[in-house]
Amino acid sequence: MDAITKDEIVKSIAPVNGKYFRIDNPDDYAQKIITLGKALTIRDSDKKLMSYILYYDNMPDIFISMIWTREDYRGRGYARSLIKELIAKTSKDITLEVSPDNPAKNLYSDFKFNTEGVSQGKLIMRYPRRLAIMQPYIFPYVGYFNLIEASDKFIFYDDTNYINKGWINRNRILMNNSDLLFTIPLEKASQNRQINDIKPIIESGYTKKFFSRIEHSYKKAPYYSDTLEVLNSVFASKCDSIADLAINSVVSVFSYLGKDIRYTKSSLLSPPTIGMEKSDRLIQITKNLNYDKYINSIGGQDLYDKVYFNDRNIKLDFIRPELVEYKQFGDTFVPWLSVIDILMFNDKQSVKKMFNSYSII
């Protein structure tokens with residue numbers, strides 16, 4: 001536990017007690033924290049408290065009882081950095097309660113805390129410890145981002161075999177009120193080769209044609225210029241494999257939105273699990289990373305059995321994306337296009353909301 005005193009807790013609570021929460025006996029509350037709880041703190045050069053998190057780690061979950069930042073230090077990201085530190089310290093789910101009118105709930109939502117219910121007028125929010133694993137896709141559709149948002153950590157499955165006519169190097173954009181498939185050319189692509197061993201062919205002739213299509217399709221879209229910057233940054237990157245190019249396309253979207261993504265690549269994990277049966281490999285990767293919950297896209301229902309995973313002490317869930325319509329150019333909405341289409345027609349806040357529009361089954 002970071003050093004924090006009972007008096008410091010009591011004094012910090014006093015100015016805000018009754019605004020978004022009510023602690024009837026701050027002395028008892030502070031004593032309970034000192035005795036049973038833990039704290040993470042940030043202090044200034046004079047050792048005065050700037051920000052802290054108080055929490056309990058004596059249950060299956062971590063429960064955050066208080067997040068506080070001194071008034072003259074608010075808006076500088078201290079609470080955010082402490083939440084990150086707590087997430088990094090534990091492999092357990094993290095829960096908290098927050099008043100519906102407390103703007104801090106937006107910070108928690110940015111960290112993927114999901115609202116699970118209401119208790120005595122407060123929202124119950126949970127940070128779920130789920131692992132997701134998926135092949136890297138180039139500028140994928142919204143369901144891919146739903147999967148990332150539903151997980152604590154995302155594994156790009158880059159050392160699996162390439163899939164012909166899959167979504168690794170292809171996706172769909174809008175063209176004349178219909179969908180148009182674009183494909184990144186590859187060098188010696190084969191289903192007998194791993195994704196991270198196949199190079200993309202990003203030459204001037206291809207990029208000129210690609211961006212010409214983008215301009216023709218989206219020049220009048222409200223967020224054309226912003227989205228074009230994202231596309232340019234991805235295609236200007238030096239990637240030795242289609243896996244890295246696809247990963248960059250996903251990470252760049254999160255960067256554009258100002259969101260974090262906790263991820264790694266299966267090719268970097270140790271010990272290696274290549275050669276195992278599909279379900280067994282996913283289970284082993286999940287266990288190797290100290291998770292006991294694994295989440296897959298809805299299409300995995302035909303491939304993976306919940307009972308099989310459960311018998312091996314891994315809880316398996318599936319994610320179902322919600323179809324969220326938005327204004328394109330025409331009167332008829334064309335669904336499930338690349339994230340490129342979503343970025344072209346929607347502001348950042350709306351995109352974030354779409355990424356969190358899903359159900360878990």
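This section reports on the structure supplied with the text. (Residues numbered from 1 in each chain as written. Predicted model: local features only at pLDDT ≥ 70, side-chain atom pairs only at ≥ 80, totals over all residues. Heavy atoms only, no water.)

**Quick word on the pattern of salt bridges**
Now for step 1: A complete count under the given rule lists 21 salt bridges for this structure.
Now for step 2: The partner of lysine 315 in a salt bridge is aspartate 317, and the shortest N-O contact between them spans 2.8 Å.
Now for step 3: With a relative accessible area of 42%, lysine 315 lands in the partly exposed category. (Salt bridge = Lys/Arg side-chain N within 4 Å of Asp/Glu carboxyl O. Buried < 20%, exposed > 50% of the residue type's maximum accessible area, 1.4 Å probe, protein only.)

**So, the nonpolar core**
Now for step 1: Formed by 60 residues in total, the largest nonpolar core has its most connected members in Phe139, Phe210, Ile214, Tyr218 and Ile340.
Now for step 2: When residues in this core are grouped by element, the largest group, 10 residues, is from helix H8 (residues 242-257). (Core = buried A, V, L, I, M, F, W, Y, C linked by side-chain atoms within 4.5 Å. Helix = DSSP H or I, 4+ residues; strand = E, 2+ residues; numbered from the N terminus.)

**Considering H8**
Now for step 1: With 16 residues, H8 ought to run about 22 Å at 1.5 Å a step, and its terminal C-alpha atoms sit 23 Å apart, in line with that.
Now for step 2: Positive phi appears at glycine 258, one or two residues downstream of H8, with a value of about 70°. (Expected span 1.5 Å × (residues − 1).)

**Focus on the packing of helix H7 (residues 224-236) against H8**
Now for step 1: Contact geometry for H7 and H8: axes closest at 9 Å, N-to-C directions at 145°. With respect to the hand of their crossing, H7 and H8 are arranged in right-handed fashion. Taking contact as the criterion, the partners of Asp226, Val230, Ser233 and Val234 in H7 are, on H8, Leu245, Asn248, Ser249, Ser252 and Tyr256.
Now for step 2: For the contact of H7 with H8, a count of residues per class yields four nonpolar, four polar and one charged. (Axes fitted to C-alpha atoms, helices over the stretch in contact; angles between N-to-C directions. Left-handed = near helix turned anticlockwise from the far one by under 90°. Contact = heavy atoms within 4.5 Å. Nonpolar A, V, L, I, M, F, W, Y, C, P; charged D, E, K, R; others polar.)

**Topic: the sheet that holds strand E8 (residues 153-156)**
Adjacent strands of a sheet form backbone hydrogen bonds with each other and so pair up, either parallel or antiparallel.
Now for step 1: Strand order in the open sheet made by the six strands is E13-E8-E7-E14-E15-E16, with mixed pairing throughout. Unpaired on one side and paired on the other, strand E13 (263-265) and strand E16 (358-360) mark the two borders of the sheet. Sheet twist, expressed as the mean angle between neighbouring strand axes with direction ignored, is 25°.
Now for step 2: The sheet strands contacting H8 are E8 and E13, and the helix crosses E13 at an angle near 175°. (Pairing = 2+ DSSP bridges.)

**Considerations on the pairing of strand E1 (residues 38-43)**
Now for step 1: With six bridges connecting them, E1 and strand E2 (residues 49-56) associate as antiparallel partners. Each residue of the ladder has a partner; that of leucine 40, found in E2, is isoleucine 53.
Now for step 2: Remark: five residues form the turn of the hairpin made by E1 and E2, two consecutive strands paired antiparallel; lysine 47 in that turn has positive phi of roughly 70°.

**Overview of helix H6 (residues 204-218)**
Note that an α-helix has 3.6 residues per turn; residues three or four places apart therefore point the same way.
Now for step 1: The end-to-end C-alpha separation of H6 is 21 Å, in line with the 21 Å expected for 15 residues at 1.5 Å each.
Now for step 2: Within H6, the full set of buried residues consists of Tyr206, Thr207, Phe210, Phe211, Ile214, Ser217 and Tyr218. Each buried residue of H6 sits inside an arc of 125° when the element is viewed along its axis, so together they form one side. Residues Ser204, Lys208 and His216 are exposed on H6 and point more than 90 degrees away from its buried face.
Now for step 3: Buried residues along H6 sit against strand E9 (170-175), strand E10 (178-183), H7 and helix H11 (339-345). (Arc of directions from axis to C-beta.)

**Here's the deal with the packing of helix H1 (residues 6-13) against helix H2 (residues 26-36)**
Now for step 1: Their axes nearest at 9 Å, the elements H1 and H2 cross at an angle of 135°. Classified by the angle between their axes, H1 and H2 sit oblique to one another. As H1 packs across H2, the resulting crossing turns out to be right-handed. Between H1 and H2, the contacting residues are Lys6, Ile9, Val10 and Ile13 on the first element and Pro26, Asp27, Tyr29, Ala30, Gln31, Ile33 and Ile34 on the second.
Now for step 2: Looking at the contact of H1 with H2, its residues break down into eight nonpolar, one polar and two charged. (Parallel < 35°, antiparallel > 145°, perpendicular 65-115°, else oblique.)

**Details of unusual backbone geometry**
The phi torsion of most residues other than glycine is negative, and most of the peptide bonds are trans.
Now for step 1: The residue after serine 270, namely proline 271, is reached through a cis peptide bond having omega 0°.
Now for step 2: Of note, proline 271 is situated in the loop between E13 and helix H9 (278-288).
Now for step 3: The backbone of phenylalanine 139 sits at a positive phi, close to 40°, despite the residue not being glycine.
Now for step 4: Here phenylalanine 139 is to be found in the loop between strand E7 (131-134) and helix H5 (142-149).
Now for step 5: A relative accessible area of 0% means that phenylalanine 139 is categorised as buried.
Now for step 6: Notably, asparagine 290 is not glycine yet its phi reads approximately 65°, a positive angle.
Now for step 7: Inspection of the secondary structure puts asparagine 290 in the loop between H9 and strand E14 (293-297).
Now for step 8: Exposure remark for asparagine 290: the relative accessible area of 60% places this residue in the exposed category.

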